[in-house]
Amino acid sequence: MKICVTASTGTIDAQIDPRFGRCAYFVVVDSETMQFEAVPNLASGASGGAGIQAAQAVANKGAKVVLTGDVGPNAFHALSAAGIEIVTGVSGSVKEAVEKFKRGDFKKTGAPTVGDHAGVSKTQR
Amino acid sequence: MIVTVASGKGGTGKTSVAVNLALSIENVQLLDCDVEEPNAHLFLHPELLKTEPVYTFIPFVNQELCDHCGVCSKFCQYHALFTSPNNVLVFPELCHSCGGCMIVCPKKAITETKNRIGKLNFCAAEDLTLVYGELEIGKPMSVPIIKAVKKQMDKSKNVIIDSPPGTSCPFIETVRGSDFCVLVTEPTPFGLHDLKITVQVLRKMIVPFGVVVNRAGVGDNKVYEYCQQENIPILLEIPYQRKIAELYSRGIPFSQEMPEWTEKFQTLYSDIGKLVKK
Ligand code: SF4
Ligand code: SF4
């Protein structure tokens, strides 16, 4: 199964980047083999709709689970529609997160955890 | 003549200036384009004649024709569409109604549907007509409403427009096409800061403008110095007076109770007329 983790760099040892739509990279990990692919998040600088653009990228990669810090309402809606399980409040490294997930340490998030535009600094808006 | 009354920030008395000016001259149509917080009607207590909904067009995806190819969501530069393996989601608040997704969909699965974003209110207060737009709560789309308000413009009248504060898209949409822009400012460092930004925008747009200093006497001389340096006419000063402030807080346009101000606003309007002709 493919697990997508939002990360600050494109490696499996990278720290988790907590902002789903604005993270630097998606590290997509195959939970059986621990092989991974790093996908730069093209939405990280988008002026609007970053959450949806990011969700689309993740869905296109065939991920079934997203491990991240926070997710906004649009991204939450989109990911859920694509049948992707969302886990928020995750920290540490990508590898640790995936291992914890495999052990069943996480529970699924049932609602968006931040409001609109939460990952955008005032000056960007 | 079309005159927009604007200010770099909210709370400078912009609406008060627009309303007092409108009441002091004849044959006026007042357009309140401050659609996020329309309040000219609160000073005028007009009779509401009718309301009209304002729509934008957003895509509607026929899920039976759609094969989830993702062409539409890839195309949409506003990221208003999301393709999942079993349907396409539309995010109306991000859609700019460009219609592109309809054209690019290889299955012709997309048609348009109406998305209500607010309404227009048509009002009358004696011989003054007022049109104001109102944005529905939670719809971040003031520009289409401003456009709808401006469409109601009656050029046979003296048109006065109350602009949204600030200098971003809503202000630019409002002031576009005006013969003149009145900038209401306070003589304070904040007022000056916002005034400078607005002046830059108006110079780029080539809309002539002048300044009305509200609450004159509260701050310093910097606004005056700046206007002199930049050759910007100061058209009127409204002093910081208890009576004016009191009338304002009771929702009464002060020129109604202080007739000398009706004359001052008439002079303001004829001065603007002269500047426009120049
Ligand atoms: S382009 Fe048309 S067919 Fe393809 S996903 Fe979009 S709506 Fe469906
Ligand atoms: S109409 Fe334009 S902005 Fe709206 S969803 Fe389609 S492509 Fe995107």
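If you're wondering where the values come from, they're calculated on a predicted model, not measured in any experiment. (Residues numbered from 1 in each chain as written. Chains lettered and ligands numbered in written order. Predicted model: local features only at pLDDT ≥ 70, side-chain atom pairs only at ≥ 80, totals over all residues. Heavy atoms only, no water.)

Now for the interface of chain B and chain A. Contact with chain B, which involves 14 residues of that partner, is made by 13 residues of chain A. Between chain B and chain A, the buried area comes to about 1,000 Å², and carbon and sulfur atoms account for 66% of it. Considering only the side of chain B, the residues that lose the most area to chain A are His79, Phe82 and Phe91 of chain B, jointly responsible for 55% of the buried surface there. Our enumeration of links across chain B and chain A arrives at five residue pairs in polar contact (both at pLDDT 80 or more). Looking at which element gives the most residues to the side of chain B that touches chain A, the answer is strand β4 (residues 81–83) of chain B, with three residues. Its residues placed into classes, the side of chain B that touches chain A shows seven nonpolar, six polar and one charged. (Contact = heavy atoms within 4.5 Å. Buried area = accessible area lost by both parts, 1.4 Å probe. Polar contact = N/O pair within 3.5 Å; in protein donor to acceptor, adjacent residues only side chain to side chain. Helix = DSSP H or I, 4+ residues; strand = E, 2+ residues; numbered from the N terminus. Nonpolar A, V, L, I, M, F, W, Y, C, P; charged D, E, K, R; others polar.)

Summed over all chains, the structure comprises five aromatic pairs over all chains. Between Phe20 of chain A and Phe26 of chain A, the aromatic rings sit 5.9 Å apart at their centres with planes inclined by 50°, giving tilted as the arrangement. You can call Phe26 of chain A buried: its relative accessible area is 2%. Plain terms: the ring middles of Phe43 of chain B and Tyr248 of chain B are 5.4 Å apart, the flat faces sit at 45° to each other, and that makes the pair tilted. Here Phe43 of chain B is found in helix α2 (residues 40–44), whereas its partner Tyr248 of chain B is found in helix α9 (residues 242–249), with 205 residues between them in sequence. Overall, the relative accessible area of 38% leaves Tyr248 of chain B in the partly exposed class. (Phe/Tyr/Trp six-rings, centres within 6.5 Å; stacked < 30°, edge-to-face > 60°. Buried < 20%, exposed > 50% of the residue type's maximum accessible area, 1.4 Å probe, protein only.)

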